[in-house]
Every structure is written in structure tokens, then in C-alpha cells.
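Structural overview
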Amino acid sequence: MKVLRIIASVDPRLGGPGEAVLRSAEAMAKVGHSTEVATLDLPDSEFLKSFPIRTHPLGEVGPFSRVRYSSRLVPWLRMHALDYNVATIEGLWNYASIGGWLGIGRLLPYVVFPHGMMDPWFRVAAPLKHAVKRMYWRLGEGRVLRDARYVLFTTEEEQRLAQGVFGGHSYRGKVVAFGTADAPGQNASEGERQKQLFRSKLPALGNRPYLLFLSRIDRKKGCDLLLRAFARLAEEFPDIDLVVAGPDLSGLRKTLEAESEGLGIAGRVHWPGMLMGDEKWGAFRGAAAFVLSSHQENFGIVVAEALSCSTPVLISSKVNIWREVKSSGAGLVADDTESGTYEMLKQFLRLDLPTLSEMRSAARYCFLSQFEIGSAANDLTEVLKEIAIQ
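These lines cover the structure that appears in this document, whether it is placed above or below. Worth saying up front: this structure is predicted, and the values here are computed from it rather than measured. (Residues numbered from 1 in each chain as written. Predicted model: local features only at pLDDT ≥ 70, side-chain atom pairs only at ≥ 80, totals over all residues. Heavy atoms only, no water.)

1. Notes on the sheet that holds strand β10 (residues 269–273)
The parallel open sheet is built from six strands, whose spatial order is β10-β9-β8-β11-β12-β13. Here the strands that pair on one side only, and so sit at the sheet edges, are β10 and β13 (331–334). Strand after strand, the sheet turns through a mean of 20° between neighbouring axes, direction not considered. Sheet analysis places strand β12 (residues 313–316) next to β13, joined by four bridges and oriented parallel. (Pairing = 2+ DSSP bridges. Helix = DSSP H or I, 4+ residues; strand = E, 2+ residues; numbered from the N terminus. Axes fitted to C-alpha atoms, helices over the stretch in contact; angles between N-to-C directions.)

2. Some words on the sheet that holds strand β1 (residues 2–7)
Strand order in this open sheet of seven strands is β3-β2-β1-β4-β5-β6-β7, and the pairing throughout is parallel. A strand with exactly one partner marks an edge of an open sheet, and here the two such strands are β3 (55–57) and β7 (173–175). Here the strands of the sheet are splayed against their neighbours by 25° on average, with no regard to which way each runs. Pairing of β1 with strand β2 (residues 34–39) involves six bridges; the strand directions are parallel. By the bridge assignment for β2, I7 is matched with T39.

3. Here's the deal with the packing of helix α8 (residues 223–233) against helix α9 (residues 252–263)
When two helices pack together, their arrangement is captured by the angle between the axes and the distance separating the axes. At their nearest, the axes of α8 and α9 sit 10 Å apart, and the two run at 15° to each other. As far as their axial angle goes, α9 and α8 are roughly parallel. Judged by the sense of rotation from one axis to the other, the crossing of α8 with α9 is right-handed. Within the contact between the two elements, α8 uses C223, D224, L227, R228 and A231 and α9 uses L256, E259, S260 and L263. Class assignment of the residues belonging to the contact of α8 with α9 gives a composition of five nonpolar, one polar and three charged. (Parallel < 35°, antiparallel > 145°, perpendicular 65-115°, else oblique. Left-handed = near helix turned anticlockwise from the far one by under 90°. Contact = heavy atoms within 4.5 Å. Nonpolar A, V, L, I, M, F, W, Y, C, P; charged D, E, K, R; others polar.)

4. Digging into the packing of aromatic side chains
One pass over the structure, following the stated rule, counts 13 aromatic pairs. A ring pair is formed by W137 and F166, whose centres lie 5.1 Å apart and whose planes are at 25°; its orientation type is stacked. One end of the pair, W137, is in helix α5 (residues 127–146); the other, F166, is in the loop between α6 (156–162) and β7, with 29 residues separating them in the sequence. For the pair W137 and F166, a shared accessibility class is recorded, and that class is buried. The ring of F122 carries the charged tip of K133 above its face, separated from the ring centre by 4.9 Å. Over the ring of Y342 we find R232, and its NZ or CZ is 4.0 Å from the ring centre. (Phe/Tyr/Trp six-rings, centres within 6.5 Å; stacked < 30°, edge-to-face > 60°. Buried < 20%, exposed > 50% of the residue type's maximum accessible area, 1.4 Å probe, protein only. Lys NZ or Arg CZ within 6 Å of the ring centre and 35° of its normal.)

5. Focus on the pairing of β1
Across the six residues of β1, five count as buried, placing the element largely inside the fold. The handedness of the β1 to β2 crossover, carried by helix α1 (residues 16–29), is right-handed. (Right-handed = clockwise from strand over helix to strand, strands pointing away.)

6. Things to note about the environment of E261
For E261, the position within the fold is in helix α9. Residue classification places E261 among the exposed residues on the basis of a relative accessible area of 56%. For the pair E261 and L40, spaced 221 residues apart in sequence, the C-alpha separation works out to 40 Å.

7. As for unusual backbone geometry
Positive phi, normally seen in glycine, also occurs at W93, with a value near 60°. Relative to the helices and strands, W93 is located in the loop between β4 (86–90) and α3 (95–104).

8. Looking at the nonpolar core
Grouped together as the largest cluster of nonpolar side chains are 85 residues, with contacts concentrated most on L211, L212, L214, F284, F290, V303 and L307. The contact partners of L212, leaving out residues within four places of it in the chain, are V243, A283, F284, A287, A289, F290 and V291. (Core = buried A, V, L, I, M, F, W, Y, C linked by side-chain atoms within 4.5 Å.)

9. Concerning the pattern of salt bridges
For side chains bearing opposite charge, pairing can occur when the charged atoms are close. Summed over all chains, the structure comprises 29 salt bridges. For R364, the salt bridge identified is with D182, shortest N-O distance 2.7 Å. In this pair, R364 sits in helix α14 (residues 353–371) while D182 sits in the loop between β7 and α7 (188–201), placing the two residues 182 residues apart along the sequence. The class of D182 is partly exposed, set by a relative accessible area of 28%. Within this structure, R219, D224, R228 and E259 form a network of salt bridges that share partners. (Salt bridge = Lys/Arg side-chain N within 4 Å of Asp/Glu carboxyl O.)

Here's what the structure looks like:
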């Protein structure tokens, strides 16, 4: 098959959807299926230079560039739709989804990945935006899902949460496996090199053990909860630090750094910025645990990445793979509150060494058995083959 993936952006700072497109395309290529990507990114975007999948950047500079509207998308899709066998539309509430539907709706069969964007948490967190989304749903977005051959959810939990959030347009939902590629450097010497590379980026950390947050620095991710919970534990556990890594697209980091000063833990909280490549894998491998107290997480690619490195994960029950993590013994789960995060961290830091060793082994097994990209790519391939133009 020749597959077209339509997505607003493959900017790595935006996390999950772009990473998922990349890893599944790489896995599908191994069995003979080619993938190209249509995005609303600007053609001169620096990150496109290292993106390994053939990409058609259709963004344009203009009065609507901030909302990623492009007049080039629909004409390009109508011109090239029949060059492909099947398409996916990645995400909602952006012009890539509406434009994708307008461009290929009657020309090429497609599926939609909502990527958690129908989660009811957004209704509570941003009621005004949700009201706008409801109007947008009735006018156009609902039709994108209505006309899709399938709407693909990455967990049973995501599909369950999406039910009833928006009405007026029915769609065919289906759950498919999801995951990511295995961490590079599984041999001991390569893993050690990655860990040392990461520590060299943070001289102040030295050889101290640390808890790791690695994601966008955003209130949705629970960064503020984690910081305050860590401060409450700092005196009881003086020998462990906190690393908060990731891009700051909302300007929250400055506020959190000031808060860490006020809490008296500034010297034990480290801010390396966005980590990529071996530095990222070294951060995962060297961490005592990966922590994500998110208020909403459709899947959590970073959680799967941590598991691939045999790193225990401490996550909130709003991360939609929490049941798999809990049942496998790969980590701990708590409510997405400061007290929930505090109790979870305290429980983890009090574990004895044999239990920690078992948890690390369980983390690796959880990844291999449930979240390795091969199974996810096979699942997606079967769905696409079912609907593709032959």
C-alpha cells in the first residue's frame, strides 16, 4: 500500500501524534508499505530537515498562519489523492482534519485517529473552548468522523471516554493497538554511554539519583502537582533529585522555577530543556522512575518509552494505559492531584531493592508484550488493507 498521513504538524515539540506517525510508518515500511505525510508545517521548518519520512509541508505564511490554516491543503489533496491507496487523518480541531476531509473525502478511503481530543476532561478544563468545539463539531468536524471508514481509538479507555461528549454525527469506532519503537542501545555498554551523555548535560546533578518528568511543560501534564509533591517529600528523602525535561510552549517553566525557589528545592530540581536522541534515552535509563501526573493523556508515548528502558512509571489514572501499567506491576497509579502524586511518590521511594528490581523487569516485559510498535503497526496495517483502494 501507499499510505498518506494527514497531520497538522510533525514538530517533535508537540509530542505524541507526530511521533506515532513516524514510528508506525517505519514499522510498516519493513513489510513493504510506503508512507508519505501531508502537514500544515511551513516548508522551511528546521525540524523537517531531519524528519525521515517523505513530507509535503503545505503551510503558508499569512493572516491565519497562527491557527495553521493553509489555502494550499485542499487543492493539493484533490490533485494527489489518487496517488495513494488509503489515508489517515491525525487529530481533531485543526484545519488538517477539516481540510483533509474536504480534500479526499470522496476520492480516497480514510480513517481518523482522534488522539484523545474527544476526552471529556477538556470540557471541564476549558468550557468556553468546548462550547466552540461543539459548534465546530456540528458544522464540520463531526462530518470528518461520520465519513471515515473507521475512527480509531488507541485504548478501550479512550473510546469509552469519547462516548457522548459530542452528538449529532455517528461514526464507526474501532480500537487498535498502539505503541512505539524499542529504545535504542539495549546492550549494557550503549545504555551506559547514553546515561553518561545525559548526565554530562546537567553537571549540577552529578551522580545523584533522580525522578524524571519528560514531556511538554504544561499544566495539563501535572508539572505543578509533581513539583509540590516532591517538595513535601524533600526532607524525608534528601538523596534524590527531580529532573523536569521538555519544551516549554506555554511559558510555565519560569513560574515553576520561581515556585521551586519559594519551596526551598531549587537546588534539587533540574531543567535540561527538550531532550532528544541519546540524551533522552539516557535520561530514561538513568531515572529511578518516570513520573507523569497528567490530567489527560490519550495514550502516553513517553510512558511506553520509559517502559522500554526498564524504568518504572508513576502515572495518574488519567493516563489511558494506567490499567495495563498497574496490572503488570510496571509502576504505580494515583489520582491526578497533589495529594495523590505525593502518596504515589512516597510509596515508590519506600520500596526495597528486590521490589524495585522486580518492577524494572516488569516494566520491560509490559512494553514488549503490549506497546512495542510491531504489534501496533500490524493492527493498523490490517485496518488500512481492509479499506484501501486496490
